[in-house]
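Chains, contacts and geometry: an overview
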Amino acid sequence: FNGMVDELRGKNVVIENKNRENEELLLNVLPAPIANRLRGGEEGIADGLAEVTVAFADIVGFTQMSSGLSAAELVEILNRVFSAFDGLVGRYGLEKIKTIGDSYMVVGGLPEQMEDHTARVADMALELRDEIARLSSVAGSEIRFRVGMNVGPVVAGVIGVTKFIYDVWGDTVNTASRMEAHGIPDRI
C-alpha cells in the first residue's frame, strides 16, 4: 500500500510539472487575461477597442544584411534584437503581438485598457533606438530600425484552431505598418 501511495505521489508531481509547463506555453502564446477567458470556457474571443497604440519596428536592409550571414549568425542577431525588444515590451507593460520576419509588432492599451498607452509605446520606441545602437556595437555590424506608430480603434481576438494566435486588425494597424515602411531609418 505504501508503495502505491508513493507511486501516486510521484505521478501527481509529474502531472503538476506538466500542467505548469502547459501554462507557461499558453502564456507565451496569449496574454494572461485572454488565456483566463479561454480557460473560463469563452469561445470566439473578439474585442473592439476604441483606442490603442500600435507600433511596428523593422530592421532596415535586413535582406541584404542576411545574405552575408550564416543561418546561425542570422538567428543569433534576430534573437538578440527581439529579446531586447521583448524586455522593453515587458518593462513598459505592453503586449507583443507577433514577429514577421524581421518585423516586430507591439500594442499598448490591450488586452487591458491603460490611460498612458501612447506615451508607453513612444518611450519604449525611444529606448529601443538606444538599445539597438548598443547591440550594433556589440555585434560589430550596424543594425538600423524604422518604427511606425499609430493610435486608434482596432479589433483584437483569437483566431485559429491549431497554432492559434491573438492578433489585432483594422486601419490603425495598417497605418502603423505603412508609417514604418515609409519611415526614415533610426526614426520613429
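Attention in this report is confined to the structure presented alongside it. Only a predicted model underlies this, so the values are computations on that prediction, with no experimental measurement involved.

Relative to the helices and strands, Gly160 resides in the loop between strand E4 (145-159) and strand E5 (165-169). Classification of Gly160 by relative accessible area gives exposed; the value is 56%. Sequence separation of Gly160 and Thr118 is 42 residues, and the distance between their C-alpha atoms is 29 Å.

With that out of the way, let us pick up the packing of aromatic side chains. Applying the stated criterion across every chain, the model contains 2 aromatic pairs. Look at Phe82 and Tyr104: their rings are 5.5 Å apart centre to centre, the planes differ by 55°, and that puts the pair in the tilted class. Of the two residues, Phe82 is situated in helix H4 (residues 71-91) and Tyr104 in strand E3 (residues 103-108); the sequence distance between them amounts to 22 residues. Of the two residues, Phe82 and Tyr104, both sit in the buried class. Between Phe85 and Tyr104 the ring centres are 3.7 Å apart and the planes differ by 20°, which places this aromatic pair in the stacked class. One end of the pair, Phe85, is in helix H4; the other, Tyr104, is in strand E3, and 19 residues separate them in sequence. Through a chain of ring-to-ring contacts, the aromatic side chains of Phe82, Phe85 and Tyr104 assemble into a single cluster.

With that settled, the discussion passes to the pairing of strand E1 (residues 46-59). Across 12 bridges, the pairing between E1 and E4 is antiparallel. Among the inter-strand pairings, Thr53 is bridged to a residue of E4, identified as Val151. Pairing of E1 with E3 involves 6 bridges; the strand directions are antiparallel. Paired with Ala57 across the bridge in E3 is Tyr104.

Cut-off values and rules
- Positions within a chain are numbered from 1, following the residues in the order the chain's sequence is written.
- Selection of residues for local features in this predicted model requires a pLDDT of at least 70, selection of side-chain atom pairs for listing and counting requires 80 or more, and totals for whole chains, interfaces and linings are taken over all residues.
- With hydrogens and water set aside, each side-chain value is computed from the structure's full complement of heavy atoms.
- We count a stretch as a helix when DSSP gives it H or I for four or more residues in a row; a strand needs E for two or more, and each element gets its number in order from the N terminus.
- Buried, partly exposed and exposed residues are distinguished by accessible area as a fraction of the type maximum, computed with a 1.4 Å probe on protein chains only: under 20%, between the cut-offs, and over 50%, respectively.
- Stacked, edge-to-face and tilted labels apply to pairs of Phe, Tyr and Trp rings (six-membered ring for Trp) whose centres lie within 6.5 Å, assigned for plane angles under 30 degrees, over 60, and everything in between, in that order.
- Strand pairing requires that DSSP identify at least two bridges connecting the strands.

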